[in-house]
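Spelled out from the first residue to the last, the chains are:
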Amino acid sequence: MTLNETLAHLRAAHLMVRDAGEWDGLTAALGSAYTAGDEDLIEQLRPPFLQSWRTVTGYVLRDTFDAAGIAVTEPGHPWGIATLTANGISVEPLLCLLNEVGEEVHGNPFDTAGLENTRLLTFAEAMNHYADCLAPFFDEPAVDHRAPAAELS
């Protein structure tokens, strides 16, 4: 399986569950809940939001990742989708923005008080980040695998 084939399966599987607008709506609602400090709404939205991303990766895409020789395990980061491993390399696609030193922008993921400033990724950004994470697993020439937002809806 090639990187482009894997990415096509990845996008299709996520879009089968929700369209890009619905994914972005959930992201915006959760981000707004953190900004407002609405703990009840956070507790209502965060688990199903994370579970949706993780279920698509862990179950719907299981055959795709198996065909590519990529093992899928639970994420280590609170905003991680999964830990993907192949050929001694492990990556973890995330649903939030990180700076160069691997810390969340404007917040520590383990500190609930700091999460109101964490910026969650849009669907297009999450797909592009996912693609960046998968690229090291494939022996293909460097190709721009990042899809424009219009192609992801």
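Basis of the calculations
- Residues numbered from 1 in each chain as written.
- Predicted model: local features only at pLDDT ≥ 70, side-chain atom pairs only at ≥ 80, totals over all residues.
- Heavy atoms only, no water.
- Core = buried A, V, L, I, M, F, W, Y, C linked by side-chain atoms within 4.5 Å.
- Buried < 20%, exposed > 50% of the residue type's maximum accessible area, 1.4 Å probe, protein only.
- Helix = DSSP H or I, 4+ residues; strand = E, 2+ residues; numbered from the N terminus.
- Contact = heavy atoms within 4.5 Å.
- Salt bridge = Lys/Arg side-chain N within 4 Å of Asp/Glu carboxyl O.

A. A look at the nonpolar core. Trp 53, Phe 65, Ile 70, Leu 84 and Leu 134 are the most contacted members of the largest nonpolar core, which totals 39 residues. Sort the elements by how many residues they give to this core and helix α5 (residues 123-134) lands first, with 7 residues. Aside from chain neighbours lying at most four places away, what touches Leu 134 is Leu 3, Thr 6, Leu 7, Leu 10, Phe 65, Ile 70 and Leu 84.

B. Region of interest: the side chain of Thr 27. With respect to the helices and strands, the residue Thr 27 is situated in helix α2 (residues 20-36). Classification of Thr 27 by relative accessible area gives buried; the value is 8%. Those residues within four positions of Thr 27 in sequence are excluded, and the remaining contacts are Phe 49, Leu 120 and Leu 121.

C. Summary view of the pattern of salt bridges. All chains considered together, the criterion is met by 1 salt bridge. Among the ionic pairs, Arg 119 bridges to Glu 125, the shortest N-O distance being 3.0 Å. Among the residues examined, Glu 125 registers a relative accessible area of 29% and is labelled partly exposed.

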